[in-house]
Amino acid sequence: MKSDSYVGALSVSDKSQREGTDLESLLRPPSLWETIVTYMRGVLVVAEIELRKLRHDPTELLTRAVQPALWLVVFGEAFSRLRAIPTGSVSYLTFMTPGILAQSLMFVSIFYGLSIIWERDAGILQKFLVLPVPRASFVTGKGLGAAVRSLTQAVIIFVLALILGVHLQWSVVGIIGSLLAVLLGASFFSTLSMLIAIIVKTRERFMGIGQVLTMPLFFASNAIYPLAIMPDWLRILAQINPLSYIVDLLRGFLVVGTVPDAPLDWGVLLLAVIVAQALAASSYQSIVL
């Protein structure tokens, strides 16, 4: 029969061994799979927080409908009657509808970084930064939240297109493809907006830069006129403008029915998102300094 002292010593030894194993597991660098899981969990949490803001302010959905409605109803209808811009076999209103969708998601997303400055001034951002979540998760999560909210722009445009009798390709592939393009495009512009907010740090400077960027990006794209009628210098700008690739995807899915340059369009947008998020994640914490 074993003595009590022997049993006690054995239990202490087992406890020390378990503590050593736990400490070793804590000090061990996380595996690639653990890093990915932690990153994705943080992304989903931050995106859910961003989407809850929309539930507390549903009037934002109505205010977002004003701008695309004006462009389609006023600008689109007027230029369709003038027939001043050659658009082939489709009406000008049909041609410009995907461009207005791209413009709407850009206008909404490009000012998303203003919320980062507001959160910093309110002390909310500092609380987020102390959480054990990778910085990249914050950037991707906020970008994803803004992208999902931008899907309301697509719904608004689709409803307006039905009311105005715009002839779009209402196929399952076309709708899903256009929604994915909206998600990716809004993610890029919202991340770019966050990067601008991180650099300028003040609301006044941010608003000034945002207003300077939106109109040149819009007019130096193929949103409201084809590349073929542009002068050479403007065509070059349009070809390096990410908005042009979003419009190309939307127009292919919703008007043409196919996207001949789909690999190039998706590739450029994915690369733009990755670069923007990498830059924003690496400098995200500096906004509170």
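Structure shown above.
The rules behind the values
Residues numbered from 1 in each chain as written. Predicted model: local features only at pLDDT ≥ 70, side-chain atom pairs only at ≥ 80, totals over all residues. Heavy atoms only, no water. Helix = DSSP H or I, 4+ residues; strand = E, 2+ residues; numbered from the N terminus. Contact = heavy atoms within 4.5 Å. Areas by Shrake-Rupley, 256 points an atom, 1.4 Å probe, with all protein chains shown as cover. Phe/Tyr/Trp six-rings, centres within 6.5 Å; stacked < 30°, edge-to-face > 60°. Buried < 20%, exposed > 50% of the residue type's maximum accessible area, 1.4 Å probe, protein only. 1 Å grid on protein atoms, 1.4 Å probe; cavity = no way out; pocket = protein on both sides within 12 Å on 5 of 7 lines; lining within 4 Å. Points joined across faces, edges and corners; volume = space filled by probe spheres on them. Nonpolar A, V, L, I, M, F, W, Y, C, P; charged D, E, K, R; others polar. Patch = residues over 30% accessible without salt bridge, like charges linked within 9 Å, V, L, I, M, F, W, Y side chains within 5 Å. Salt bridge = Lys/Arg side-chain N within 4 Å of Asp/Glu carboxyl O. Expected span 1.5 Å × (residues − 1).

This part takes up the overall build of the protein chain. For the protein chain, the count of helices and strands is 13 helices and zero strands. Relative to all contacts within the protein chain whose residues are 6 or more apart in sequence, the contacts with residues 24 or more apart total 78%. Just so you have it, the protein chain exposes about 15,300 Å², and 70% of that area is on carbon and sulfur atoms.

Next up on the list: the packing of aromatic side chains. This model, assessed by the stated rule, comprises eight aromatic pairs. Between the aromatic rings of Phe 188 and Phe 189, the centroid separation amounts to 5.0 Å while the plane-to-plane angle is 65°, which identifies the pairing as edge-to-face. Under the relative-accessibility criterion, Phe 188 is labelled buried at 9%. Measuring from ring centre to ring centre gives 5.0 Å for Phe 218 and Phe 219, while their planes differ by 55°; the resulting arrangement is tilted. Residue Phe 218 is classed as buried on the basis of its relative accessible area, which comes to 0%. With relative accessibility at 34%, the residue Phe 219 sits in the partly exposed group.

What follows covers the layout of surface pockets. Approximately 180 Å³ is the volume attributed to the second largest pocket. Lining the second largest pocket are 13 residues, with Thr 140, Gly 143, Leu 144, Ser 187 and Gln 277 sitting closest to its centre. Put simply, the parts of the chain that give the lining of the second largest pocket at least two residues each are helix H2 (32–56), helix H8 (135–164), helix H9 (172–200) and helix H13 (262–283). Here the lining of the second largest pocket is built from residues that sort into nine nonpolar, four polar and no charged.

With that settled, the discussion passes to a nonpolar patch on the surface. A cluster of nonpolar side chains, Leu 32, Trp 33, Ile 36 and Met 40, forms an exposed patch at the surface whose accessible area comes to about 470 Å². Within the secondary structure layout, Leu 32 lies in helix H2. The exposure class assigned to Leu 32 is exposed, which follows from its relative accessible area of 66%.

Counted at 1.5 Å a residue, the expected span for helix H12 (residues 242–256) with its 15 residues is 21 Å, and the 20 Å between its end C-alpha atoms agrees. Extensive coverage of H12 is indicated by the burial of 13 of its 15 residues. Of the residues trailing H12, Gly 257 is marked for its positive phi of about 100°.

Moving on, we come to the side chain of Thr 94. Relative to the elements of secondary structure, Thr 94 occurs in helix H5 (residues 92–109). Taking relative accessible area as the criterion, Thr 94 reaches 3% and is therefore assigned buried. When residues no more than four places from it in sequence are discounted, the contact partners of Thr 94 are Val 166, His 167, Leu 168 and Val 255.

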